Amino acid sequence: MRTVLAVALSFVFLPLGLAKIAAVPLMRQAAAHLGMSPGLYRVVGALEVAGAAGLLLGLVSLPLGVAAATGLALLMAAAAVVHLRHGDPPLRALPAAVLALIAVTYAATAVAAG
């Protein structure tokens, strides 16, 4: 289960993070909608790419995977809060909240597996 969660989360975060780093038009629009500079949005993208890499490396080094999952969970919790504070409907914050829960599930599963 841990492997499936790590790979699934990586398949979500890697392309999204790369798109933010590359500042593709959709990501520039999302950054502008949230009042974020393109530079800050690139930092978020870099954190997502690092988290995806950490999850995959966590298949070999459990502590690294747990740290990456924890970081991604915090990042996604913050994203959900940013959406809500910006006046977006709760449905717009839901993907970030769900990804945070999946990352927490990965971390808990990894820690339980020891």
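Residues numbered from 1 in each chain as written. Predicted model: local features only at pLDDT ≥ 70, side-chain atom pairs only at ≥ 80, totals over all residues. Heavy atoms only, no water.

Novice: Run through the pattern of salt bridges, naming residues and quoting values.
Specialist: The final tally for this structure, using the stated rule, is 1 salt bridge. Residues Lys20 and Glu48 are paired through a salt bridge, measuring 3.0 Å at the closest nitrogen-oxygen approach. Here the residue Lys20 occupies a position in helix H1 (residues 2–22), and Glu48 occupies one in helix H3 (residues 38–57), the gap between them amounting to 28 residues. According to the relative accessible area criterion, Glu48 is buried, its value standing at 3%. (Salt bridge = Lys/Arg side-chain N within 4 Å of Asp/Glu carboxyl O. Helix = DSSP H or I, 4+ residues; strand = E, 2+ residues; numbered from the N terminus. Buried < 20%, exposed > 50% of the residue type's maximum accessible area, 1.4 Å probe, protein only.)

Novice: Describe H1, listing the residues and the values that go with them.
Specialist: An ideal rise of 1.5 Å per residue puts 30 Å on 21 residues; H1 measures up with 30 Å between its terminal C-alpha atoms. Those residues of H1 lying buried are Leu5, Ala6, Leu9, Ser10, Phe13, Gly17, Ala19 and Lys20. In this structure, the buried residues of H1 make contact with helix H2 (25–33), H3, helix H4 (62–85) and helix H5 (90–113). Positioned one or two residues after H1, Ala23 has a phi angle of 55°, which is positive. (Expected span 1.5 Å × (residues − 1). Contact = heavy atoms within 4.5 Å.)

Novice: So, a nonpolar patch on the surface: which residues are in play, and what are the values?
Specialist: Taken together, the side chains of Leu91, Leu94, Val98 and Ile102 make up a nonpolar region of the molecular surface, amounting to roughly 350 Å² of accessible area. Following the sequence through the fold, Leu91 ends up in helix H5. For Leu91, a relative accessible area of 66% corresponds to the exposed category. (Patch = residues over 30% accessible without salt bridge, like charges linked within 9 Å, V, L, I, M, F, W, Y side chains within 5 Å. Areas by Shrake-Rupley, 256 points an atom, 1.4 Å probe, with all protein chains shown as cover.)

Novice: Lay out the packing of H1 against H3 in plain terms, naming residues and giving numbers.
Specialist: In contact at an axis separation of 7 Å, H1 and H3 are set at 155° when each is read in the N-to-C sense. On the basis of the axis angle, H1 is roughly antiparallel to H3. Once H1 is placed against H3, the crossing between them reads as left-handed. Listed contacts from H3 to Ala6, Val7, Leu9, Ser10, Phe13, Leu14, Leu16, Gly17, Leu18, Lys20, Ile21 and Ala22 of H1 are Tyr41, Arg42, Val44, Gly45, Ala46, Glu48, Val49, Ala52, Leu55 and Leu56. In the contact of H1 with H3, the residues fall into 16 nonpolar, 3 polar and 3 charged. (Axes fitted to C-alpha atoms, helices over the stretch in contact; angles between N-to-C directions. Parallel < 35°, antiparallel > 145°, perpendicular 65-115°, else oblique. Left-handed = near helix turned anticlockwise from the far one by under 90°. Nonpolar A, V, L, I, M, F, W, Y, C, P; charged D, E, K, R; others polar.)

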